[in-house]
Amino acid sequence: MPPAGPPPVWDPARGAWVPAGPPPKGWAAPPVGGYPPGGGPYGGQPWYPGAPGGWYPPGYGLDPNDALVTPPGAGIGGWFDRFWGALRRGWRQLVPIMLLTQVLPAAVLSVISFGLDPSPAWEAQAEADPSAGLPDNFATSLLTLVVVLVGGSLLIGLVQALGWAAGSWVITQQATGRPARLDAALRYGLRRALGVWGWTLLVSLLIGIGVCFCVLPGIYLAFALSMAGPVYLFERDNPIGRSFRMFHDRLGMLLGRVALVAAAVIIGTVVPGLLESAGTVAFGEDPFASPGGAVGVVAVIAVTAVLALPAHLAQLVGLLITYAEQRAHEGPVNGATLAAELG
């Protein structure tokens, strides 16, 4: 009878199978029967994560100590550990990336929309002559505002896509112990920005159509398509279909994780939005009529835009950690594998 213990493992450096070394006290071989062992499609795994901390057979592909992938059975605690770990490791790179690609573009568009908003002039004209009908140049002013907002939103979406790709690269690289310089992250984001942007536009269109049908279909699509961005970055194959399958295969788990992210994003954007509205009201209906009012409004918008930074970080990190966890439920995977897929 062969001795009990871990099986030989493949060593890529030597190009041969080598002994795994003496197992630590309390080690037991995983039960046979395929992956993952236990009842049901992803049922009980009494041996996992029972291996003593600090030891894991190399090359197996699923490590309970992995910094990026939450293994099956770790629960919400494991998810939070990896979420906060990614922020601790990467905040020096992630903060400037989010400031450049999320906060700054949103603040610029907000300032432009304030400057082009024709409603103060319309209200003044209506008060002066209630019977005058439509304000002067109503159609031209409205069309200009719509074109600027739509065009600006599309351009901002492209810049934001660059940021999502760059931030995902930073988180994945650092989880495997590799260096993640800011310039290298931005270069990677630039390569992937167009693809992320295109799929984001399609996802946004689908969600918008869903919202038109009594709102609830839009909410459902927002959750069901939440993994489309990470799927594109790591797999680059059918992001919408894959996101739907992930959502329905592990409905409760993904719904719970994405709900946490959505709650953080809603709170992190609504509160700064309310503060911005309250702060700009103090400068009157037409703040850009005077230099002092313009400076005050720009300052309020800048501060409240920065206050939304935690929401951007929560969305980026939370969705990426959730995607990695879903992959772990489909088969053995670790941070190194995901880093290789990311390119």
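Right above here is the structure, for reference.
A brief report on the enclosed structure follows. Here the structure is a predicted model, which is why all the values come from computation and not from measurement.

1. Here's the deal with the overall build of the protein
Next up, step 1: The helix and strand inventory of the protein stands at 11 helices and 2 strands.
Next up, step 2: A burial count over the protein gives 42% of its 343 residues as buried.
Next up, step 3: Partitioning the intrachain contacts of the protein with sequence separation of at least 6 by distance along the chain shows that 68% fall at a separation of at least 24.
Next up, step 4: Of the roughly 17,600 Å² of accessible surface on the protein, 69% is carried by carbon and sulfur atoms.

2. Considerations on the pattern of salt bridges
Next up, step 1: In the structure shown here, the tally under the stated rule is 8 salt bridges.
Next up, step 2: Across the salt bridge formed by Asp183 and Arg181, the nearest N and O atoms sit 3.2 Å from each other.
Next up, step 3: Glu235 is the salt-bridge partner of Arg327, the closest N and O atoms lying 3.7 Å from each other. Of this pair, Arg327 sits in helix H10 (residues 309–330) while Glu235 sits in the loop between helix H6 (228–234) and helix H7 (239–249); the two residues are 92 residues apart in sequence, bridging distant segments of the chain.
Next up, step 4: Through salt bridges with shared partners, one network takes in Glu235, Arg242, Arg250, Arg327, Glu330 and Glu341.

3. Thoughts on the environment of Val170
Next up, step 1: Of note, Val170 is situated in helix H3 (residues 138–175).
Next up, step 2: Take Val170: its relative accessible area is 0%, and that puts it in the buried class.
Next up, step 3: In contact with Val170, other than residues within four places in its own chain, are Gln93, Leu94, Ile97, Ala180 and Ala185.

4. Some words on the nonpolar core
Next up, step 1: Leu68, Trp169, Ile171, Met227, Leu233, Val317 and Leu338 are the most contacted members of the largest nonpolar core, which has 54 residues in total.
Next up, step 2: The residues contacting Ile171, other than those within four sequence positions of it, are Leu68, Ala86, Leu94, Leu316, Val317 and Leu320.
Next up, step 3: By size, the runner-up hydrophobic cluster in this structure holds 5 residues, among which are Val203, Leu225, Ala228 and Ile240.

5. With respect to unusual backbone geometry
Next up, step 1: Non-glycine residue Cys214 carries a positive phi angle of around 65°.
Next up, step 2: Mapped onto the secondary structure, Cys214 falls in the loop between helix H4 (182–212) and helix H5 (216–224).
Next up, step 3: Residue Arg236 is not a glycine yet carries a positive backbone phi of 55°.
Next up, step 4: The residue Arg236 is located in the loop between H6 and H7 in this model.
Next up, step 5: Taking the relative accessible area as the measure of exposure, Arg236 reaches 36% and is therefore partly exposed.

6. Quick word on the packing of aromatic side chains
Next up, step 1: Scanning the entire structure with this criterion turns up 7 aromatic pairs.
Next up, step 2: Here Phe83 and Trp84 contribute two aromatic rings whose centre-to-centre distance is 5.1 Å and whose plane-to-plane angle is 90°, an arrangement assigned as edge-to-face.
Next up, step 3: Accessibility expressed as a relative area gives 8% for Phe83, which makes it buried.
Next up, step 4: Under the relative-accessibility criterion, Trp84 is labelled partly exposed at 45%.
Next up, step 5: On the basis of an interplanar angle of 25° and a centroid distance of 6.4 Å, the ring pair of Trp169 and Tyr188 is categorised as stacked. Separated by 19 residues along the polypeptide, Trp169 in helix H3 and Tyr188 in helix H4 bring together distant segments of the chain. Exposure class is identical for Trp169 and Tyr188. Each is buried.
Next up, step 6: An aromatic cluster is present here, built from Trp79, Phe80, Phe83 and Trp84 joined pairwise through their rings.

7. Focus: the packing of H3 against helix H11 (residues 335–342)
Next up, step 1: Axis separation between H3 and H11 bottoms out at 9 Å; the angle between their running directions is 145°. Relative to H11, H3 is oriented so that their crossing is left-handed. Taking contact as the criterion, the partners of Ser168, Trp169, Thr172 and Gln173 in H3 are, on H11, Gly335, Leu338, Ala339 and Leu342.
Next up, step 2: Its residues assigned to classes, the contact of H3 with H11 comprises 4 nonpolar, 4 polar and no charged.

8. Here we look at a nonpolar patch on the surface
Next up, step 1: Nonpolar side chains collect at one region of the surface, where Leu100, Leu104, Val108, Ile112 and Leu116 lie side by side and expose about 400 Å² of accessible area between them.
Next up, step 2: Within the secondary structure layout, Leu104 lies in helix H1 (residues 75–116).

Cut-offs and rules
- Residues numbered from 1 in each chain as written.
- Predicted model: local features only at pLDDT ≥ 70, side-chain atom pairs only at ≥ 80, totals over all residues.
- Heavy atoms only, no water.
- Helix = DSSP H or I, 4+ residues; strand = E, 2+ residues; numbered from the N terminus.
- Buried < 20%, exposed > 50% of the residue type's maximum accessible area, 1.4 Å probe, protein only.
- Contact = heavy atoms within 4.5 Å.
- Areas by Shrake-Rupley, 256 points an atom, 1.4 Å probe, with all protein chains shown as cover.
- Salt bridge = Lys/Arg side-chain N within 4 Å of Asp/Glu carboxyl O.
- Core = buried A, V, L, I, M, F, W, Y, C linked by side-chain atoms within 4.5 Å.
- Phe/Tyr/Trp six-rings, centres within 6.5 Å; stacked < 30°, edge-to-face > 60°.
- Axes fitted to C-alpha atoms, helices over the stretch in contact; angles between N-to-C directions.
- Left-handed = near helix turned anticlockwise from the far one by under 90°.
- Nonpolar A, V, L, I, M, F, W, Y, C, P; charged D, E, K, R; others polar.
- Patch = residues over 30% accessible without salt bridge, like charges linked within 9 Å, V, L, I, M, F, W, Y side chains within 5 Å.

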